[in-house]
Amino acid sequence: MKNNCVFCAIAAGEIPSFKVYEDDEFLAYLDINPFSEGHILVIPKEHYENLLDVDEEVLKKLIVRVKKIARRATTALDADGFNILQNNGEAAGQTVKHIHFHIVPRKNGERLVFENTSGDMEKLKALAERLKF
């Protein structure tokens, strides 16, 4: 596993994922321990540890993908809104040292809680098909 990084391994196809978007530089896939239905992680395929480490040109392209994927998730899931989360450093809750953005679709009336729940792999597979570009 490159850099001992699980996200690099996912990007390289060494670890399976429920992909919803992919191009030459970026990958988006469902979080298997989601905060809500349709919780998506968006990563650059190249390894950068966090926001302070990432190349600015890569960051510009990355945030454009985040917007595009958030729009798709909101529409496909009939969500009323979404949260974008991006943690930097262990103290901020970053558990994988590879820059990534969380897109968390939201429905009106839902409590604002960021707790992982164990995902159902069959439901995630079907959901990924609904969200794919």
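Higher on the page you've got the structure.
Here is what the cut-offs are and how they apply
- Residues numbered from 1 in each chain as written.
- Predicted model: local features only at pLDDT ≥ 70, side-chain atom pairs only at ≥ 80, totals over all residues.
- Heavy atoms only, no water.
- Salt bridge = Lys/Arg side-chain N within 4 Å of Asp/Glu carboxyl O.
- Helix = DSSP H or I, 4+ residues; strand = E, 2+ residues; numbered from the N terminus.
- Buried < 20%, exposed > 50% of the residue type's maximum accessible area, 1.4 Å probe, protein only.
- Polar contact = N/O pair within 3.5 Å; in protein donor to acceptor, adjacent residues only side chain to side chain.
- Contact = heavy atoms within 4.5 Å.
- 1 Å grid on protein atoms, 1.4 Å probe; cavity = no way out; pocket = protein on both sides within 12 Å on 5 of 7 lines; lining within 4 Å.
- Points joined across faces, edges and corners; volume = space filled by probe spheres on them.
- Nonpolar A, V, L, I, M, F, W, Y, C, P; charged D, E, K, R; others polar.
- Core = buried A, V, L, I, M, F, W, Y, C linked by side-chain atoms within 4.5 Å.
- Phe/Tyr/Trp six-rings, centres within 6.5 Å; stacked < 30°, edge-to-face > 60°.
- Expected span 1.5 Å × (residues − 1).

Novice: Go over the pattern of salt bridges with me, naming the residues and quoting the values.
Specialist: Enumeration over the complete set of coordinates arrives at seven salt bridges. Across the pair D23 and R65 runs a salt bridge whose closest N-O atoms are separated by 3.0 Å. Separated by 42 residues along the polypeptide, D23 in the loop between β1 (19-22) and β2 (26-30) and R65 in helix α2 (residues 56-76) bring together distant segments of the chain. Its salt-bridge partner being E129, residue K132 comes within 3.1 Å of it at the nearest N-O pair. Its relative accessible area of 36% is what places K132 among the partly exposed residues. It is possible to trace a salt-bridge network through shared partners that takes in K19, E22 and K45.

Novice: Pulling in residues and values, what's your account of the side chain of H39?
Specialist: One can find H39 in the loop between β2 and β3 (40-44). On the basis of relative accessible area, H39 is assigned to the buried category, the value being 1%. At a separation of 2.9 Å, a polar atom in the side chain of H39 contacts the main-chain amide nitrogen of F35. Setting aside residues no more than four positions away along its own chain, H39 makes contact with Y29, L30, D31, N33, P34, H102, I103, V104 and P105.

Novice: How would you summarise the layout of surface pockets if you had to cite specific residues and measurements?
Specialist: Of the pockets and cavities examined, the largest pocket occupies roughly 480 Å³. F7, D31, I32, N33 and L41 are, among the 22 residues lining the largest pocket, the residues nearest its centre. Elements supplying a minimum of two residues to the lining of the largest pocket: α1 (6-11) and β2. Classifying every residue of the lining of the largest pocket gives 13 nonpolar, eight polar and one charged.

Novice: Before we move on, could you go through the nonpolar core and cite the residues and values that matter?
Specialist: With 24 residues, the main nonpolar core has L30, I40, V42 and L131 as its most contacted residues. Considering every element that reaches this core, the biggest residue donor is α2, with six residues. Among the nonpolar cores identified, the runner-up in size contains ten residues, and F7, C8, L27 and I43 belong to it.

Novice: Kindly report on the environment of I69, identifying the contributing residues and their values.
Specialist: Tracing the backbone shows I69 in helix α2. With relative accessibility at 1%, the residue I69 sits in the buried group. If we skip the residues at most four places from it in the chain, I69 touches Y21, A28, I40, V42, I103 and F133.

Novice: Residues and numbers for the packing of aromatic side chains, please.
Specialist: Within this structure, the stated rule accounts for two aromatic pairs. Relative to F133, the ring of Y21 has its centre 5.2 Å away and its plane inclined at 80°; by these criteria the two rings are edge-to-face. One end of the pair, Y21, is in strand β1; the other, F133, is in the segment after α3 (121-131), and 112 residues separate them in sequence.

Novice: I'd like to hear about α2, residue by residue, with values.
Specialist: Between its first and last C-alpha atoms α2 spans 30 Å; for 21 residues at 1.5 Å apiece the expected length is 30 Å, and the two agree. If you follow the buried residues of α2, they end up packed against β1, β2, β3, β4 (81-85), β5 (101-106) and α3. N-cap assignment for α2: the residue whose side-chain oxygen lies 3.0 Å from the backbone N of E57 is D55. Directly beyond the C-terminal end of α2, a positive phi value near 55° is found at D78.

Keep in mind these numbers describe shape, not what the thing actually does.
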